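The lines below spell out each chain.
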Amino acid sequence: MNDSPLTDFLLQFHHFTPQQLRLIQSRAVARTYQPGAYFSQAGRVAQEIGFIVSGIFRVCYFDREGTDNTKYFLEENHFVVDLQSYQYQQPCTEYVQAVTETHVLVFEARAWQEIGLIMVDWPQVEHKLFTQALLEKLNRRSALVSPNGTTRYTQFLTTFPGLANRIPLAQLASYLGLTPQSLSRIRRNLGQRSAGPATSAPGSEGN
């Protein structure tokens, strides 16, 4: 129990007793989401909070033209929930979809609230967890600040090492605001630069 990913994560925010950790863990249900499965969907009210044990989710939406757009990714040791929908009981405006096979500890709303009724300090812990989730959401969008596609991609590699190789090209390109073809060129050019000067035409990295 003491070596579980959830336990290790929670201990960063509060000094829980072993009994409290067992209580929290007992309220969660283990689930597995296959690639393409949804944790939450636009138009529905979020009723669950998940902790990612392994795997990757993406937060995405469809524009008026029906284009699939990726906003950001969430990997291991992160909570996943549409906060606005969950807190205000409003329909979600985005989807949370599994990118890889993803193993999650899921807390239904009632189970999460029961923890607060039993543990006096839980509301303060919950506030810390939700605040961090909001800050990370902003940080994960910061990779899109640069107007240069190559810079956005290299920033992603630096900020999330090892994640790019686990994500389908089309989804990563969507997150970076690139076409899959442009992202392929960027990857190819960066590979060439490791051996010598790139020979691609100016502007080939796309937008």
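Before reading on, note that the structure itself is shown above.
Conventions we followed
- Residues numbered from 1 in each chain as written.
- Predicted model: local features only at pLDDT ≥ 70, side-chain atom pairs only at ≥ 80, totals over all residues.
- Heavy atoms only, no water.
- Pairing = 2+ DSSP bridges.
- Helix = DSSP H or I, 4+ residues; strand = E, 2+ residues; numbered from the N terminus.
- Axes fitted to C-alpha atoms, helices over the stretch in contact; angles between N-to-C directions.
- Polar contact = N/O pair within 3.5 Å; in protein donor to acceptor, adjacent residues only side chain to side chain.
- Phe/Tyr/Trp six-rings, centres within 6.5 Å; stacked < 30°, edge-to-face > 60°.
- Buried < 20%, exposed > 50% of the residue type's maximum accessible area, 1.4 Å probe, protein only.
- 1 Å grid on protein atoms, 1.4 Å probe; cavity = no way out; pocket = protein on both sides within 12 Å on 5 of 7 lines; lining within 4 Å.
- Points joined across faces, edges and corners; volume = space filled by probe spheres on them.
- Parallel < 35°, antiparallel > 145°, perpendicular 65-115°, else oblique.
- Contact = heavy atoms within 4.5 Å.
- Left-handed = near helix turned anticlockwise from the far one by under 90°.
- Nonpolar A, V, L, I, M, F, W, Y, C, P; charged D, E, K, R; others polar.

A. Spatial organisation of the sheet that holds strand E5 (residues 68–74). A sheet is described by the order of its strands in space; here 4 strands give the open sequence E2-E7-E4-E5, paired in antiparallel fashion. Pairing within the sheet leaves two strands with one partner each, and these edge strands are strand E2 (38–40) and E5. Averaged over neighbouring strand pairs, the angle between their axes works out to 35° when direction is ignored. Taken together, the 4 bridges between strand E4 (residues 57–62) and strand E7 (residues 95–98) define a ladder with antiparallel strand orientation. The residue of E7 that forms the bridge with Val59 is Val96.

B. The side chain of Thr7, seen in detail. Position of Thr7 among the secondary structure elements: in helix H1 (residues 5–10). At a separation of 2.8 Å, a polar atom in the side chain of Thr7 contacts the side chain of Ser4.

C. Representation of the packing of aromatic side chains. Evaluation of the coordinates by the stated rule reveals 18 aromatic pairs. Seen from their ring centres, Phe62 and Tyr95 are 5.6 Å apart, and the 85° between their planes marks the pair as edge-to-face. Highlighted residues: Phe62 in strand E4 and Tyr95 in strand E7, separated in sequence by 33 residues. Its relative accessible area of 18% is what places Tyr95 among the buried residues. Judged by centre distance (6.5 Å) and plane angle (70°), the ring pair of Phe73 and Phe156 falls under edge-to-face.

D. Focus on the layout of surface pockets. Approximately 550 Å³ is the volume attributed to the largest pocket. Taken together, 32 residues form the lining of the largest pocket, with Tyr72, Val81, Asp82, Leu83 and Lys137 sitting closest to its centre. Elements with a contribution of two residues or more to the lining of the largest pocket: E5, strand E6 (79–80), helix H3 (83–88) and helix H5 (122–141). Of the residues forming the lining of the largest pocket, the biggest block, 8 residues, is contributed by H5.

E. Expanded view of the packing of helix H4 (residues 109–118) against H5. Relative to each other, H4 and H5 sit at 130°, their axes nearing to 8 Å. The angle between H4 and H5 falls in the class oblique. Packed against H4, whose contacting residues are Trp112, Ile115 and Gly116, the element H5 presents Trp122, Glu126, Leu129 and Phe130 at the interface.

F. Just the pairing of E4, in detail. Alignment of E4 against E5, held across 6 bridges, turns out to be antiparallel. When the bridges of E5 are listed, Arg58 appears paired with Phe73. Two successive antiparallel strands, E4 and E5, enclose a turn made up of 5 residues, where Gly66 displays a positive phi of approximately 85°.

G. The arrangement of the packing of helix H6 (residues 149–159) against helix H7 (residues 169–176) in detail. Where H6 meets H7, the closest approach of the two axes is 10 Å, and the angle between their N-to-C directions is 110°. Considering their axes alone, H6 and H7 lie roughly perpendicular with respect to each other. Crossing hand, H6 versus H7: right-handed. Note on element contacts: H7 touches H6 through Leu172, Tyr175 and Leu176, opposite Arg152, Tyr153 and Phe156. Taken together, the residues that form the contact of H6 with H7 break down as 5 nonpolar, no polar and 1 charged.

H. Quick peek at the sheet that holds E6. Strand order in the open sheet formed by 4 strands is E1-E8-E3-E6, with antiparallel pairing between adjacent strands. Looking at the sheet topology across the chains shown, the edges are occupied by strand E1 (29–33) and E6. When strand E3 (residues 48–54) meets E6, the two strands line up antiparallel, connected through 2 bridges. Its bridge partner lying in E6, Phe51 is registered against Phe79.

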